[in-house]
Amino acid sequence: MNLIKLQTEFGTEEKCLEFLERMRWPNGVRCVTCGSDKISKFSTKEGTRKRKNTTTGEVESKTVPARHLYQCLEPTCKQQFTATAGTIYSNTHLPVQKWLAAIALVCNAKKGISAKQMQRDLGVTYKTAWYLNHRIREAMIGSAPAVFEGTVEADATFVGGKFDKRRKRAKYGKQAVFGLVQRKSETGHSKVYAQPVPIETRPVVRGIIEDRVSETATVYTDEHPAYRFLRKTDRPHAIVIHSRGQYVDGTVHNNSVENFWSLFKRGLIGSFHQVSVKHLSRYLAEFTFRFNNREAENMFGMVVINLLAGIALEYKRLISPPSPITSFAELLPSGDEPS
Ligand SMILES: [Zn+2]
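Quick notes on the rules
Residues numbered from 1 in each chain as written. Predicted model: local features only at pLDDT ≥ 70, side-chain atom pairs only at ≥ 80, totals over all residues. Heavy atoms only, no water. Helix = DSSP H or I, 4+ residues; strand = E, 2+ residues; numbered from the N terminus. Polar contact = N/O pair within 3.5 Å; in protein donor to acceptor, adjacent residues only side chain to side chain. Contact = heavy atoms within 4.5 Å. Pairing = 2+ DSSP bridges. Axes fitted to C-alpha atoms, helices over the stretch in contact; angles between N-to-C directions. Donors = N, O, S within 2.8 Å, 3.2 Å for Na, K, Ca; no water. Tetrahedral: all angles 85-135°; square planar, octahedral: opposite > 155°, others 65-115°. Buried < 20%, exposed > 50% of the residue type's maximum accessible area, 1.4 Å probe, protein only. Parallel < 35°, antiparallel > 145°, perpendicular 65-115°, else oblique. Left-handed = near helix turned anticlockwise from the far one by under 90°.

Turning our eyes to something else, we now look at the environment of glutamine 79. Among the structural elements, glutamine 79 can be located in the loop between strand 4 (67-72) and strand 5 (80-81). Sequence separation of glutamine 79 and isoleucine 39 is 40 residues, and the distance between their C-alpha atoms is 9.6 Å. Here the side chain of glutamine 79 touches threonine 33 through a polar contact of 2.9 Å, side chain to side chain.

Below is the structure:
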């Protein structure tokens, strides 16, 4: 989805609504109340309405935008509804055109787009841009395969954190993130899974590997104790010893997952100046989604559909205080400072 295509295909609100209609009801419009397929379509014209201003007492004329509606023809129902009815797109007063442009911006930005940039590009308020961005991220959750097969790299890293110059102490408040990469195979390109992990890394790391990695897959890790359990299992496993300066040993390496970390960190530094721990899993979902679908024909359409089907992410939930954060101990023994 490039800017030219966005302009020609989604240049008017009407075109955007027609697109949403095709995505929502590929087999023809159905009534949102009774499910009937006997539907008629009609539009109201853009008009003006006289309204008395309650404070000044003056009569002002207000523009009422054209509305595109469906009418259920079932005599017992007669419901009127829009293409966005009951979806996240109707929860805001934002035109669908802005939603679609925002989705295209996020899908295209390899390193993500900041709310500030989106504010300028779309001509919306910062708050709206920020909220749009997070809702789109939410629609990108769950792009990783359920089970990783073949050759799998497992690794953890740290992101974020504050540095106190006066005290010259090490960074604190860093968040550990654990990730898996299923390497490229005949069935497709490489796929990634990542999530923030708390202090108890050993059981957490073990749980993720047991849940998400096939028992026949070969797992490559570094020498961190969290991976020791692998030796006691029948899983094919090899270790790269980072502390001895060993990074690539034939096919035994963690380069794919390291590359993902560096992309993610560059995105965090370049596009987002501050990312709170609370929202980190959503940023990870965004980067994971783009990575896993980088060869997909219609990344844009996938997000549009996920948003149609998805549960609205309430603004209240986004801005609520984060759950108490445990302190995050070092997950890796050495040499993994966030870059
Ligand atoms: Zn109906």
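The residue alanine 102 is located in helix 3 (residues 96-108) in this model. As for alanine 102 and asparagine 133, which are separated by 31 residues in sequence, their C-alpha atoms are 7.5 Å apart. Setting aside chain neighbours within four positions, we find alanine 102 in contact with Met118, Leu122, Leu132 and Ile136.

This paragraph deals with the sheet that holds strand 6 (residues 151-159). An order of 8-7-6-9-10 is seen for the five strands of this open sheet, with the pairing classed as mixed. Where the open sheet ends on each side, the last strands, each with one partner, are strand 8 (191-197) and strand 10 (237-240). Pairwise comparison of adjacent strand axes, ignoring direction, gives a mean angle of 25° for this sheet. Strand contacts of helix 8 (residues 277-292): strand 6, strand 7 (175-182) and strand 8, with the helix running at about 175° to strand 8, the strand carrying the most contacts.

Glancing now at the coordination of the zinc ion. Those donors, Cys31 (SG), Cys34 (SG), Cys72 (SG) and Cys77 (SG), are the protein atoms that reach the zinc ion, and they lie 2.2 to 2.3 Å from it. Taken together, the four donor atoms coordinating the zinc ion span angles of 104 to 112° at the metal, a pattern that classifies the geometry as tetrahedral. Mapping the donors of the zinc ion onto the primary sequence yields the spacing C-x2-C-x37-C-x4-C. Pair noted here: cysteine 34 is in the loop between helix 2 (13-24) and strand 1 (39-44) and cysteine 77 is in the loop between strand 4 and strand 5, with a separation of 43 residues, a long-range link. You can call cysteine 34 partly exposed: its relative accessible area is 39%.

With a phi close to 55°, lysine 78 is a non-glycine residue in the positive phi region. When you line up the elements, lysine 78 lands in the loop between strand 4 and strand 5. According to the relative accessible area criterion, lysine 78 is exposed, its value standing at 57%.

Each pair of packed helices can be described by the angle between their axes along with the distance between the axes. The contact between helix 3 and helix 9 (residues 299-309) brings their axes to 9 Å, and the two run at 130°. Relative to helix 9, the element helix 3 is oriented oblique. By crossing handedness, the relation of helix 3 to helix 9 is classed as right-handed. Contact residues: Trp99, Leu100, Ile103, Ala104 and Cys107 in helix 3; Met299, Phe300, Val303, Val304 and Leu307 in helix 9.

Right, let's talk about the side chain of glutamine 71 for a bit. Structurally, glutamine 71 can be placed in strand 4. For glutamine 71, a relative accessible area of 17% puts it in the buried group. Ignoring sequence-local partners within four residues, the contact set of glutamine 71 consists of Lys38, Ile39, Ser40, Phe42, Lys78, Gln79 and Gln80.

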